[in-house]
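# Survey of secondary and tertiary structure
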Amino acid sequence: MDSAFVDVLQFLIMGIQRGSIYAMVAMGFNMIYNATGIINFAQGEFVVLGGLMMVTLTMGFHLSIVFAFILSVLFVMVAGILMERLTINPVKQPSVLRLIIITIAVSIIIKGAAMCFWGKGSHYMRHFSGSTSLDFYGATILPQTLWVVGILCCVVAAYIVFFNYTMTGKCMRACAINRDAARLAGINDRKMVMLSFALSAGIGAIAGIIITPIIQMDYARGAMLGLKGFGAAVLGGLGNSMGAVVAGVLLGVLEALGAGYISSHYMDAIALIILLFVLFIRPSGIFGSAEAMRLKEF
Amino acid sequence: MKGKHSAGFFALIGAIMVMPLLVTNDYYLGVLTFTAFNCLTCVGLCLLMGYAGQISIGHGAFVAIGAYTTGILTTKLAWSPWLAMLCGVVLVLVIAFCVGIPALRLKGHYLAMATLGFASIVHVVAVAAVDLTGGPAGIVGIPRLNLFGYVLNSDKQYFYFAWSAVAAGVYIALNLIYSRVGRGLQALHGSEDAAASLGINITAYKVQIFMLSAVFASVSGSLYACYVNYIDPGPFDVMHSVLLITMVAVGGLHSIWGALTGAVVLSLLPEILSFLSDYLQVVGIQYQPDYDTLVYGGILLIIMLFLPEGIFSGISSVLSRVRLLFGKTAKGTDHAG
Amino acid sequence: MPDNSILRLNRLRRTFGGVVAVSDLTLDVCRGTVTSLIGPNGAGKTTIFNLITGYLHPTAGEIIFNGRSLMGLKPHRIAAAGIGRTFQNVQIFPQMSVLENIMAGRHLRSRAGFFYSSILPPVLRGEEKKIQESAEKQLHFLGLAPKAHVPAGSLPLGSQRMLEIARALAIEPKLLLLDEPASGLNSRETIAMGELIQKIKAMQITVLLVEHDMELVMDISDAVAVINFGSLIANGSPAEIQANEDVIAAYLGE
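Note that this is a predicted model, so its numbers are computed, not measured. (Residues numbered from 1 in each chain as written. Chains lettered and ligands numbered in written order. Predicted model: local features only at pLDDT ≥ 70, side-chain atom pairs only at ≥ 80, totals over all residues. Heavy atoms only, no water.)

Here the focus is the pairing of strand 7 (residues 175-179) of chain C. All names here are of chain C. Burial within strand 7 is extensive, with five of its five residues counted as buried. The sheet contact formed by strand 6 (residues 83-85) and strand 7 spans three bridges and is parallel. Residue pairing in the sheet places Ile-83 in a bridge with Leu-175 of strand 7. Of the strand pairs in this sheet, strand 7 and strand 8 (residues 206-210) are connected by five bridges, and their pairing is parallel. Considered in strand 8, the bridge of Asp-179 is made with Val-210. Chirality of the crossover, the property in question, places the unit of strand 7, helix 7 (residues 187-202) and strand 8 among those that are right-handed. (Buried < 20%, exposed > 50% of the residue type's maximum accessible area, 1.4 Å probe, protein only. Helix = DSSP H or I, 4+ residues; strand = E, 2+ residues; numbered from the N terminus. Pairing = 2+ DSSP bridges. Right-handed = clockwise from strand over helix to strand, strands pointing away.)

Below, the structure written as C-alpha cells:
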C-alpha cells in the first residue's frame, strides 16, 4: 500500500474521531442558543464532567460500562438543570455581558470543583471494547474510534427523531422560532429552556464519556473543547445542528490534516484560526444565509 | 478631570505613597506589585468594556505579547528594557489594529468568542514557537528596568514604579472619559445607530479604543516581565484573559474605580483566602489553595447574580442611601421651619 | 427637478430578499419646508429614512442631497453632510446625563482626538467650554435645562423624544428627519411637539417627518407625500391630500 495514502487515511480517521466530539459539543451549544440566545461558555465543562464521572464510576466503582454511561449522563444533566435553575432562570432581563460572565462563572466553578474532586492529573479509563488496533487499508483504527463515530450517529438519529416526531421536541422548535408565539400557543417556554440545558449537558456528557479512553480526561480541558466546539457551531451556522455535525467533522479533519502536514505543535491553533476566519469573513457559517443571520445578534 | 474624580485620584496617589510604610514585608509588597500589573490592564479593559461597551476576553494575549516582546528583545538582542517595552507597544498596536478591524464588526457573544479564540492562539504560539519564546521553559534573565541609569532593584522601588504606571493609566482614562472622545465612546455604547447619526465614526472609535486598551495590557506585560525576570506561557493561558474581565466585572464595569477595586480584590484573593484558612481550620474546614478556583468562581457568580453593577457601585449605592437618609431628615426640618 | 430641492430621491428601490420595501420612489423635499411622509404601517417609511441616512443601501436609484450624491456614504458621513435624524424607538444614551447627550451631539463641531483628550486635556479647555455652552443653550431652547444632570434614561418618554431632537439639532443639520416624534405622547405633549417642529422650521432647517398623527401632520406640513407598498401614491399640499381618493382608499381599504 502507498504510504502517502495510508498517511492521509490515518489523518482522516484521527480527524473524524476528533471531529465527532466537536460536532457533539456544537450541538450542545446550538440547543441552548436556540432556546435562549445564550452562548454557554460552560459547554466544554459538561464534556469534562461527563468524562471524569465515567472514570470514577468505571475505574473506581467498577460499574459496567452501560450502567456507568447512563449514570454519568444523568449526573451531568442534573448539573445542567441546576445551572439553568440557579443562574439563568433567576436573572431578569440581563445584558449580554452579564450572561456571558455568568456562564463563565459557572465554568470556573465546575472546573474548580473538578480539580478538587479529581485532582490535577489526567485520568486513564479502559476502552469500551479493548484497545487492540484494527487494520483498515493499512491504517490503524481503534475500536473506541468506531464507538465514537457510532455514538455520534446514534445521537444525531435521536436528535432528528426527538425534534421532528415528538411533541416535546416540536414544542422546543416552536420556542426557538418564536418564543412569544409559542407561549401564546400554550407552550411552557421556561420548561423548554430548562430542558434545553438538560439535553445540552447530556450531549456534552456523552461526548466526554466516549472520548475519555482516547485522550485521558483532565479537569482543564473544558475551555479548549468548548472553543473548538463553538468553532464547529459557527462554521455550521449557529443554531443549525445538522450543519454543526458536518462542520464539526470537517473541523476535526482539517485539524488532523494540518497537524499532520504543517505542524503538530500548532494543532490547537488550527481549529481556532478557522474559527476566527469564519467569524471574520462569514459569521453566518457555511450553511447559513447571510440575510437570515442579519436578524440575529452578532 | 471632575471634582470627585480628582479627589479619588489624589486618594489613590496618597495610598500609593503610604502603602510601603505600612507593608514592610517584601513578600506582601511583591503581591501588591503584581496587583498593580492587573490594575493597569483592567483600567484599559474598563475603557473598552465599561465605556465603549465592547467585550474582550482576549486581553491576556496583549499582556503576553508585551511580556514576550520585552523578554525576547532584552535577552536575545540585549536591548534596553525601555526600548523593548516601546517595541511591544508598537507591535501590540499593529496586532490590535489587525484583529480589531474584523473582530469589532461582531457583537456580544461572537465578539467574546472571537477574542477568546485570539487569546488561545497566542497562548498556543507561546508554547509552540520554541525558538522564539523558549516554549514551555520560557525565557530567563530578563533585566530589571532602570530609571535614569538607576536600576530598580528593591521591591519597594518597583512597587512605586509599577503603581506610578497605574496612576498614569488612571489619569489618562479619567481624562478620556470626560472628553469629546469619551462621550463618543459612551454614545456608541448606548446606541451605535444614534452615535453614527451624530457623525461619530463608530468603527474607527471601536478600533481605536481597542488599540488603546491593548497598549495598557502590553505595558503591564512588559512591566511584569521586567519585575519577575523570567516568563513562561503558564500565566498567559486563556484563564488569564478570563480573570481580567472578571476583575473588571466584579469591581464594576461602568467606572474606572470599580475596575481598580475589582483588580485589587481579586488579585489579593488568594492571599486573603490563605489568611482566612487559619480561621477556617478552627471551624473544622481544612482549606487548601486548590479550592481557590472554586471560591473564585463562586464569588464571581454571586456578584453577577446579586450585584450586577459590581462591588464598587454596591458600596457607593449604600453610601448614597445613607446620605439620602440624612438628606431627607435635613429637608424635613427645613419644611418644619 | 425643482430649484429649491434640498433632497431628491430618484427612482429609489430597496428589496429584502423577494420583498420590495421601496419601489422606484421619486420624491423631492423642498428647502425650508416641513414635508411629511405618511402611509399605512409597513408602507416603507422607516426604510426610506434608513436609506437616506445610510443605515441601509438602496438596491437601485440614487439619493441627492444639496446637489451631491449620498450613495455609498456611511451614516456618520451623511451626518457630516448635514442630515440629522431621530429614531422611531427613541435612541438616547441612557447612561449619560441629559447635558452629555447633547454634548455628544456636538461631535462634528469639535475636533479633539484620543491623544490630546487623554494626555493633555488643558489644551482642549476652550473647546470643551464652547461645547458645553452651546449644549446648555440647546437645553434652554427645549426647556430641559432643569434636568441637565439627570441620567437621560430616567426622563419620561415625552422628554426623551425632545432630548433626541435636541441632540439631532446639536449637529446643526440642514435637513432633519423625524421618525414618528409624536408616537406615545399625550395630546398636550403632541401640541408641544408641533410647536417645536414649527420653531425648527423657523431656524431655516428643512424637516422631513414620518408621523401617524394626522391632525399634527395636516397642521404643520407644507407638503405631504403618501406612500403605500413602497411607492408614492400621492403628493401635494395637506388640503390636496385630504381630498385625494387614492389616499382615502389606501387608508380605509377598498
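The subject of this paragraph is the interface of chain B and chain C. Chain B puts 27 residues into the contact, and the matching count from chain C is 32 residues. Of the roughly 2,700 Å² buried between chain B and chain C on both sides combined, carbon and sulfur atoms contribute 62%. Summed over the three residues of chain B that lose the most area to chain C, namely Arg-180, Arg-183 and Leu-198 of chain B, the buried surface amounts to 31% of that side. There are one salt bridge connecting chain B and chain C. (Contact = heavy atoms within 4.5 Å. Buried area = accessible area lost by both parts, 1.4 Å probe. Salt bridge = Lys/Arg side-chain N within 4 Å of Asp/Glu carboxyl O.)

Our next topic: the sheet that holds strand 4 (residues 60-65) of chain C. All names here are of chain C. Spatial ordering of the open sheet is given by 2-1-4-5, a layout of four strands whose pairing is antiparallel. The strands lining the two open edges of the sheet, one partner per strand, are strand 2 (19-30) and strand 5 (68-69). In this structure, strand 1 (residues 5-16) lies alongside strand 4, joined through five bridges in antiparallel fashion. Directly across from Arg-13, in strand 4, lies its bridge partner Ala-60.

Mapped onto the secondary structure, Asp-292 of chain B falls in helix 13 (residues 292-306). Although Asp-292 of chain B is buried, it makes no salt bridge; Lys-120 of chain A carries the closest opposite charge, 9.2 Å away. If sequence neighbours within four positions are ignored, Asp-292 of chain B has contacts with Pro-270, Leu-273 and Tyr-287 of chain B. (Lys, Arg positive; Asp, Glu negative; His and termini not counted.)

Residue and element names in this part refer to chain C. With 14 residues, helix 6 (residues 157-170) extends 20 Å between its outermost C-alpha atoms, agreeing within 8% with the 20 Å of an ideal straight helix rising 1.5 Å per residue. Counting buried residues in helix 6 gives 13 out of 14 residues, a clear majority hidden from the surface. Among the residues trailing helix 6, Glu-172 stands out with phi positive, at a value near 55°. (Expected span 1.5 Å × (residues − 1).)

Across all of its chains, the model carries 16 salt bridges over all chains by this definition. Ionic pairing is found between Arg-8 of chain C and Asp-28 of chain C, a salt bridge with its closest N-O pair at 2.7 Å. Of this pair, Arg-8 of chain C sits in strand 1 while Asp-28 of chain C sits in strand 2; the two residues are 20 residues apart in sequence, bridging distant segments of the chain. The exposure classification of Arg-8 of chain C matches that of Asp-28 of chain C, with both residues buried. With a closest N to O distance of 3.8 Å, Arg-109 of chain C and Glu-172 of chain C form a salt bridge. Of this pair, Arg-109 of chain C sits in the loop between helix 3 (98-105) and helix 4 (114-119) while Glu-172 of chain C is found in the loop between helix 6 and strand 7, placing the two residues 63 residues apart along the sequence. Taking relative accessible area as the criterion, Glu-172 of chain C reaches 41% and is therefore assigned partly exposed. Three or more residues are tied together by salt bridges with common partners; here these are Arg-18, Lys-228, Glu-255 and Asp-268 of chain A.

This part takes up the side chain of Arg-8 of chain C. Take Arg-8 of chain C: its relative accessible area is 16%, and that puts it in the buried class. Separated by 2.7 Å, the side chains of Arg-8 of chain C and Asp-28 of chain C make a polar contact. (Polar contact = N/O pair within 3.5 Å; in protein donor to acceptor, adjacent residues only side chain to side chain.)

Here we come to a nonpolar patch on the surface. Taken together, Phe-10, Ile-13, Met-17, Val-18, Leu-21 and Leu-22 of chain B make up a surface patch of nonpolar side chains, about 630 Å² in accessible area. By the secondary structure assignment, Leu-21 of chain B is in helix 1 (residues 3-22). (Patch = residues over 30% accessible without salt bridge, like charges linked within 9 Å, V, L, I, M, F, W, Y side chains within 5 Å. Areas by Shrake-Rupley, 256 points an atom, 1.4 Å probe, with all protein chains shown as cover.)

Bringing the packing of aromatic side chains into the picture now. The geometry of an aromatic ring pair is captured by the separation of the ring centres together with the interplanar angle, meaning the angle of the planes. One pass over the structure, following the stated rule, counts 29 aromatic pairs over all chains. Relative to Trp-163 of chain B, the ring of Phe-159 of chain B has its centre 6.3 Å away and its plane inclined at 45°; by these criteria the two rings are tilted. Remark: Trp-163 of chain B and Phe-159 of chain B occur in helix 7 (residues 155-177); sequence separation between them is four residues, near one turn of the helix. Its relative accessible area of 2% is what places Phe-159 of chain B among the buried residues. Note on Trp-163 of chain B: relative accessible area 8%, which makes it buried. Taken together, the ring pairs connect Phe-34, Phe-37, Tyr-68, Trp-82, Tyr-158, Phe-161, Tyr-224, Tyr-227 and Phe-236 of chain B into an aromatic cluster. Sitting above the plane of the Phe-93 of chain C ring, Arg-167 of chain C keeps its charged end 4.4 Å from the centroid. (Phe/Tyr/Trp six-rings, centres within 6.5 Å; stacked < 30°, edge-to-face > 60°. Lys NZ or Arg CZ within 6 Å of the ring centre and 35° of its normal.)

Here helix 4 (residues 81-103) of chain B contains 23 residues, and its C-alpha end-to-end distance of 31 Å stays within 8% of the 33 Å for a straight helix at 1.5 Å per residue. Among all positions of helix 4 of chain B, only Pro-81, Ala-84, Met-85, Gly-88, Val-89, Val-92, Ala-96, Val-99, Gly-100, Pro-102 and Ala-103 of chain B are buried. Where helix 4 of chain B is buried, its residues contact helix 11 (267-281) of chain A together with helix 3 (59-76), helix 5 (108-128) and helix 10 (202-228) of chain B. Where helix 4 of chain B begins, the side chain of Ser-80 of chain B points an oxygen toward the backbone nitrogen of Trp-82 of chain B, at a separation of 3.1 Å.

Before going further, it helps to examine the interface of chain B and chain A. Listed by partner, the interface residues are 40 residues for chain B and 44 residues for chain A. Summed over both sides, the interface of chain B with chain A buries roughly 3,800 Å², with 83% coming from carbon and sulfur. In terms of surface lost to chain A, no three residues of chain B exceed His-109, Tyr-110 and Met-113 of chain B, which account for 22% of the buried area on that side. In this assembly, chain B and chain A are joined by zero salt bridges. Where chain B meets chain A, there are three residue pairs in polar contact (both at pLDDT 80 or more). If one sorts the elements of the side of chain B that touches chain A by residue count, helix 5 of chain B sits on top with 14 residues. A per-class count over the side of chain B that touches chain A returns 30 nonpolar, seven polar and three charged. (Nonpolar A, V, L, I, M, F, W, Y, C, P; charged D, E, K, R; others polar.)

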